[in-house]
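Below, each chain spelled out in residue letters.
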Amino acid sequence: MNASDAGPPAGPGGELPAVAPQLRALRRRAGLTLEVAARAAGLSPAHLSRLETGQRQPSLPMLLALARIYSTTVSELLGETAADRDAIVRAGDMEPTRAGGWTYFQAGAPGRAMQALRVRVPYGSQGDVVRVHPGEEWLYVLRGRLRLRLGDTVHLLAPGDSAHFDSLTPHRLAAEDHDGVELLFVHTLLQSPTATLCLGPLTGELP
């Protein structure tokens, strides 16, 4: 099983997470079979099927990968819609979403060419997931220390440090300290079917 296959189970009582009803419809809208979509996301078809039926919840890296594969946004995967694109996002309106141990808050309007998030990464959560995909990413450390691997180089970022990199560079994010790390995170959303050619997590150990 791929390291990115792991994810928290559905909540108590077996209720479907908000993302489950959207996944199958968006995959079909993109014209992808279960097998093709799963391969592009680095998942097994069985695991993607469990995500679509709400038996498992996706991690944040899975949400980002699936959003790119389906030419959509994380907001749409979560069933969020916006009647208008307000330029201002108030702190009180940032509802937390938890996925794969991470907690993230929408810090920008949905449906834009970029997606802005405020992300909390606990220690030891998703630290073994390496991602590679088209686009660019920018992050800024708000609190704690971030261990960022870009290709074969590992960087330790402290509060106030930032990174801006091509997302085709294999990259991995992990909290360095037991208290976790909090980030501002911005990434581009490429609305192109050819993006599926460059997607899929890699595996390997942090040096």
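Look up: the structure comes first, before these words.
Criteria and thresholds
Residues numbered from 1 in each chain as written. Predicted model: local features only at pLDDT ≥ 70, side-chain atom pairs only at ≥ 80, totals over all residues. Heavy atoms only, no water. Pairing = 2+ DSSP bridges. Helix = DSSP H or I, 4+ residues; strand = E, 2+ residues; numbered from the N terminus. Axes fitted to C-alpha atoms, helices over the stretch in contact; angles between N-to-C directions. Salt bridge = Lys/Arg side-chain N within 4 Å of Asp/Glu carboxyl O. Buried < 20%, exposed > 50% of the residue type's maximum accessible area, 1.4 Å probe, protein only.

J.: Describe the sheet that holds strand β2 (residues 102-106), and please don't skip the residues or the numbers.
T.: Reading across from one edge, β1-β2-β3-β9-β4-β7 is the order of the six strands in this open sheet, with antiparallel pairing throughout. Lying at the two open borders of the sheet, with one neighbouring strand each, are β1 (96-99) and β7 (162-166). Between one strand and the next, the sheet's axes are offset by a mean angle of 25°, whatever the strand orientation. Direction of pairing for β1 relative to β2: antiparallel, over a ladder of four bridges. Across the sheet, the residue bridging to Ala 99 is Trp 102, located in β2.

J.: Could you give me a rundown of the pattern of salt bridges, with the residues and numbers involved?
T.: According to the stated counting rule, one finds seven salt bridges in the structure shown. For Arg 24, the salt bridge is made with Glu 52, and the minimal N-O distance between the two is 3.5 Å. In this pair, Arg 24 is assigned in helix α1 (residues 20-29) and Glu 52 in helix α3 (residues 45-52), connecting sequence segments 28 residues apart. Under the relative-accessibility criterion, Glu 52 is labelled buried at 5%. Residues Arg 118 and Glu 182 are paired through a salt bridge, measuring 2.8 Å at the closest nitrogen-oxygen approach. In this pair, Arg 118 sits in strand β3 (residues 114-121) while Glu 182 sits in strand β9 (residues 181-188), placing the two residues 64 residues apart along the sequence. No difference in accessibility class separates Arg 118 from Glu 182, as the two residues are buried.

J.: Any chance you could break down the pairing of strand β8 (residues 171-175) for me, citing the residues and the numbers?
T.: Most of β8 is tucked away, with five of its five residues classed as buried. Burial along β8 is two-sided: His 171, Leu 173 and Ala 175 facing one way and Arg 172 and Ala 174 facing the other are all buried. In the sheet, strand β5 (residues 146-150) pairs with β8 via five bridges, with the strands oriented antiparallel. Following the sheet pairing, Leu 146 is matched in β8 by Ala 175.

J.: Can you explain the sheet that holds β8? Please cite residues and give values.
T.: Read from one edge of the open sheet, three strands run β6-β5-β8, paired in antiparallel fashion. Every interior strand has two partners, whereas the edge strands, β6 (153-157) and β8, have only one. The average angle at which neighbouring strand axes cross in this sheet is 20°, direction not considered.

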